[in-house]
Amino acid sequence: MPSVTNTAFPEPSYPLAQLCVLAELSARTVRYYIQLGLVDRPKGETRAARYGAVQLEQLRQIKRWTAAGVSLDRIRSLLQGEPPPVPPRPPALGSVSVRSHLTVAEGVEVVIDPGRAGLTPEQVRVFARGVMDAFALTIAKPPADTDAKP
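Keep in mind that this is a model prediction, so the values were computed, not measured. (Residues numbered from 1 in each chain as written. Predicted model: local features only at pLDDT ≥ 70, side-chain atom pairs only at ≥ 80, totals over all residues. Heavy atoms only, no water.)

When its secondary structure is counted, the protein shows six helices and two strands. If you list the helices and strands of the protein from N to C, you get α-α-α-α-β-β-α-α. Here the protein holds 150 residues, and the buried ones make up 21% of them. Looking at the protein alone, contacts between residues at least 24 apart form 42% of all its contacts between residues at least 6 apart. Put simply, the protein shows about 12000 Å² of open surface, and 59% of that area lies on carbon and sulfur atoms. (Helix = DSSP H or I, 4+ residues; strand = E, 2+ residues; numbered from the N terminus. Buried < 20%, exposed > 50% of the residue type's maximum accessible area, 1.4 Å probe, protein only. Contact = heavy atoms within 4.5 Å. Areas by Shrake-Rupley, 256 points an atom, 1.4 Å probe, with all protein chains shown as cover.)

Below, the structure written as structure tokens:
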């Protein structure tokens, strides 16, 4: 029986220009991401630098996250293994949600969903008092003597 040779596929190796085409990013952006530490450094220096599949995947992931509005600081955390946030589920048809509406003033209303916010009824009351106090301070007129010049 003939022997089967296990031939591994060589790791892809790209110059910067080809990497940019594959990642659909400019060379300046790629260099910036490397400078920030978001993308692994290439093998080699200057024009001889070669990039592999790891850098390409990092760039594609960064591009997806930036398109979704994720900050570069948050992207750094995600690339370092921090779990991504779990997106909230849309309410199911027929589900009931109880919300509190705090009318602060004419035209100013705060909607609180205690279940989603993880607030107890007492925390909602404390929050409401804090909002009302903050609004009162915001609209309070300064004493008349603060307008006087020394």
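All right, on to the side chain of Gln58 then. On the secondary structure map, Gln58 appears in helix H3 (residues 53–67). Separated by 2.9 Å, the side chain of Gln58 and the backbone nitrogen of Asp40 make a polar contact. What Gln58 contacts, discounting residues up to four positions off in sequence, is Leu38, Val39 and Asp40. (Polar contact = N/O pair within 3.5 Å; in protein donor to acceptor, adjacent residues only side chain to side chain.)

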